[in-house]
Amino acid sequence: MADIAKYLPLSQRPPADESAANADWRGHLVATLTATADLLATLTPEQWEAQSLCAGWRVRDVAGHLVWRVGSPTRELVGGGIRAGFDGRLVTPHRVVDVLSRAAAEAEPAELVARIRDIAAAKASGVGRHGISELAEAVVHGYDLAHPLGLALPVAATASGAVALRRSLTAPTEIKAVVRTRTLVAADAGWRVGHGPELTGTAEGVVLFLFGRLQP
């Protein structure tokens, strides 16, 4: 199977020329956002209100989070968080994210879909952030809303693998403990992360495990 590390700079692969390596994940970010908008456009009103994999968040709230987190310009993203933090109700970063995401989620479903499409178009034209952090937001939260509905979100193997590899290096201790002793294999995407005996699953399943959504 392909080692996804070859797509990333500064990986642990054998030394080689890194001159072509960069942090531009624009194409995969655009594709994932577009696929998410396409999926959301098919949902019934009941599905929009269904529970997502994010604790306490409906599918609608996850869509709102994508609009706020991925779509906001950096200055607005930081400024909005600072302003929200001065609200007496907001005492933790998690609470700030929750309130701002829910506020964005109050838009009508058709507007949320249109805003995600607009964000994808802006990213495609080179506007805004398009690094691995934004790709991770799009991939993980796309899975968050698709998985509990029993729907498949198409994500490129390179995109899911890059997100998984990054998370394996930055995950909480309990997740790192797993990838230090087991190799998590995405059989449908041709990549693997970790060391030791193999645990085989899907790219979606591995990513969701690494982000604490599902058990291996």
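Note that the coordinates shown come from a computational prediction; the quantities given were computed from them, not determined experimentally.

Engineer: Help me get a handle on the sheet that holds strand S3 (residues 198–201), residues and values and all.
Structural biologist: Ordered by their spatial adjacency, three strands build an open sheet running S2-S1-S3, and the pairing between neighbours is mixed. Of all strands in the sheet, those bounded by a partner on one side alone are strand S2 (191–194) and S3. For this sheet, the mean angle separating the axes of adjacent strands, direction not counted, is 20°.

Engineer: Lay out the confidence of the model for the chain in plain terms, naming residues and giving numbers.
Structural biologist: Looking at the chain, pLDDT values average 86 and 80% of them are 70 or higher. Long-range and interchain partners of residues 7–22, a stretch whose pLDDT sits below 50, account for 14 contacts in this model, where long-range means more than four residues apart.

Engineer: Which residues make up helix H6 (residues 109–124), and what values do they have?
Structural biologist: The terminal C-alpha atoms of H6 lie 23 Å apart, and with 16 residues this matches the ideal 22 Å at 1.5 Å per residue to within 8%. Among all positions in H6, only Pro109, Leu112, Val113, Ile116, Ile119, Ala120 and Lys123 are buried. Along the long axis of H6, the arc covered by the buried residues comes to 120°, so they all point the same way. What points out from H6, more than 90 degrees from its buried face, is the exposed set Ala110 and Asp118. Of the residues one or two after H6, Gly126 is the one with positive phi, at around 95°.

Engineer: Break down the packing of aromatic side chains for me, with residues and values.
Structural biologist: Tallied over the entire structure, the rule returns zero aromatic pairs. Above the ring of Phe211, the side-chain terminus of Arg167 is found at 4.5 Å from the ring centroid.

Engineer: Can you tell me about the pairing of S2, naming the residues and giving the values?
Structural biologist: Relative to S2, strand S1 (residues 183–186) runs antiparallel, the two being bridged by four bridges. When the sheet's bridge partners are listed, Leu184 is paired in S2 with Val193. Turn length for the S1-S2 hairpin, with the two strands adjacent in sequence and antiparallel, is four residues, and the turn residue Gly190 shows positive phi of about 75°.

Engineer: Hey, could you go over the environment of Val139 for me, with residue numbers and the actual values?
Structural biologist: By the secondary structure assignment, Val139 is in helix H7 (residues 132–146). In this structure, the C-alpha to C-alpha distance between Val139 and Ser160, residues 21 residues apart in sequence, is 7.0 Å. Beyond its immediate stretch of four places on either side in the chain, Val139 contacts Thr32, Val155 and Val163.

Engineer: For the side chain of Ser168, give the residues involved together with the corresponding values.
Structural biologist: On the secondary structure map, Ser168 appears in helix H8 (residues 157–170). Ser168 gets classed as buried once you look at its relative accessible area, which sits at 11%. Only 2.7 Å separates the side chain of Ser168 from the backbone oxygen of Leu165, close enough to count as a polar contact. Filtering out sequence-adjacent residues up to four positions away, Ser168 remains in contact with Lys176, Val179 and Val193.

Reading the values: rules and limits
- Residues numbered from 1 in each chain as written.
- Predicted model: local features only at pLDDT ≥ 70, side-chain atom pairs only at ≥ 80, totals over all residues.
- Heavy atoms only, no water.
- Pairing = 2+ DSSP bridges.
- Helix = DSSP H or I, 4+ residues; strand = E, 2+ residues; numbered from the N terminus.
- Axes fitted to C-alpha atoms, helices over the stretch in contact; angles between N-to-C directions.
- pLDDT = per-residue confidence, 0-100.
- Contact = heavy atoms within 4.5 Å.
- Expected span 1.5 Å × (residues − 1).
- Buried < 20%, exposed > 50% of the residue type's maximum accessible area, 1.4 Å probe, protein only.
- Arc of directions from axis to C-beta.
- Phe/Tyr/Trp six-rings, centres within 6.5 Å; stacked < 30°, edge-to-face > 60°.
- Lys NZ or Arg CZ within 6 Å of the ring centre and 35° of its normal.
- Polar contact = N/O pair within 3.5 Å; in protein donor to acceptor, adjacent residues only side chain to side chain.

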